Amino acid sequence: MRNINYIDLIKYHGKEILESNNFKKEKEFIQHGNVSVYEHSINVAIICLKIANKLQIPVDIKSLIRGALLHDYFLYDWHEKDPNHKWHGFTHAKIALNNAQKEYNLTEIEKNM
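What you see is a predicted model; the values in this text were computed from it and never measured. (Residues numbered from 1 in each chain as written. Predicted model: local features only at pLDDT ≥ 70, side-chain atom pairs only at ≥ 80, totals over all residues. Heavy atoms only, no water.)

(A) How the structure looks around unusual backbone geometry. A positive phi angle, close to 55 degrees, is found at Q56, a residue other than glycine. Considering the arrangement of structural elements, one finds Q56 in the loop between α4 (37–54) and α5 (61–70). (Helix = DSSP H or I, 4+ residues; strand = E, 2+ residues; numbered from the N terminus.)

See the structure below:
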């Protein structure tokens, strides 16, 4: 995986997710500071690929990318004052998994991420 264009890998293996309306909707939700959930998820995929490459860890690249893109697939603005968001830090991973399973056939690796 040395000298690979990470963005091209993400576009190739994450195409179904990147083109979905719900994933595009993540551009509207802020994750950290002024970074959208959309940007954050792509950045997580890049960092995962870089770590695997640097440490020469054999990985299922497609599952790594898809899992990284979907790891925060909770699909709401957690900053809004809403009683359902009160425990966001503890519940968003389960919500993300449930949302992702409704739209995609996930591998066990993707579910675990």
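On we go.
(B) Layout of the packing of α4 against α5. Packing of α4 against α5 leaves a shortest axis separation of 7 Å and a crossing angle of 150 degrees. α5 is crossed by α4, and the crossing has right-handed handedness. Here S41, I42, V44, A45, C48 and L49 of α4 lie close against α5, whose contacting residues are I61, L64, I65, A68 and L69. (Axes fitted to C-alpha atoms, helices over the stretch in contact; angles between N-to-C directions. Left-handed = near helix turned anticlockwise from the far one by under 90°. Contact = heavy atoms within 4.5 Å.)

(C) View of the packing of helix α1 (residues 6–13) against α4. Running from N to C, α1 and α4 point in directions that differ by 115 degrees, and their axes come no closer than 10 Å. In this structure, the crossing between α1 and α4 has a hand that is right-handed. Packed against α1, whose contacting residues are Y6, I7, L9 and I10, the element α4 presents I42, A45, I46, L49, K50 and N53 at the interface. Class assignment for the residues of the contact of α1 with α4 results in 8 nonpolar, 1 polar and 1 charged. (Nonpolar A, V, L, I, M, F, W, Y, C, P; charged D, E, K, R; others polar.)

(D) Inspection of the nonpolar core at higher detail. By size, the foremost hydrophobic cluster in this structure holds 22 residues, and its most contacted members are I10, F23, L69 and Y73. Of all the secondary structure elements, the ones that give two or more residues to this core are α1, α2 (15–18), α4, α5 and α6 (88–103). Contacts of I10, omitting those with residues within four sequence positions, involve K15, L18, I42, A45, I46, L49, I65 and L69. (Core = buried A, V, L, I, M, F, W, Y, C linked by side-chain atoms within 4.5 Å. Buried < 20%, exposed > 50% of the residue type's maximum accessible area, 1.4 Å probe, protein only.)

(E) Fine view of the side chain of S41. Relative to the helices and strands, S41 is located in helix α4. Setting aside residues no more than four positions away along its own chain, S41 makes contact with F23, E26, A68, L69, H71 and D72.

(F) Quick look at α5. Within α5, 8 of the 10 residues are buried, leaving the element largely enclosed by the surrounding structure. Of the positions making up α5, those classed as buried are S63, L64, I65, R66, G67, A68, L69 and L70. Capping of α5 at its N-terminal end is provided by D60; its side-chain oxygen lies 3.3 Å from the backbone amide nitrogen of K62. (Polar contact = N/O pair within 3.5 Å; in protein donor to acceptor, adjacent residues only side chain to side chain.)

(G) Fine view of the environment of L49. Within the fold, L49 resides in helix α4. Distance from L49 to I10, taken between C-alpha atoms, is 9.3 Å for residues 39 residues apart in sequence.

(H) Layout of α4. Compared with an ideal rise of 1.5 Å per residue, which puts 18 residues at 26 Å, α4 spans 25 Å between its outermost C-alpha atoms and is within 8% of the ideal. By the burial criterion, the buried members of α4 are V37, Y38, H40, S41, I42, A45, I46, L49, A52 and N53. Its buried side turned inward, α4 meets α1, α2, α3 (21–25), β1 (30–32), β2 (35–36) and α5. (Expected span 1.5 Å × (residues − 1).)

(I) Quick look at the side chain of R66. Mapped onto the secondary structure, R66 falls in helix α5. On the basis of relative accessible area, R66 is assigned to the buried category, the value being 5%. Only 3.0 Å separates the side chain of R66 from the side chain of E16, close enough to count as a polar contact. In this view, R66 contacts H13, E16, I17, Y104, N105, L106 and E110; residues no more than four positions away in its chain are not counted.

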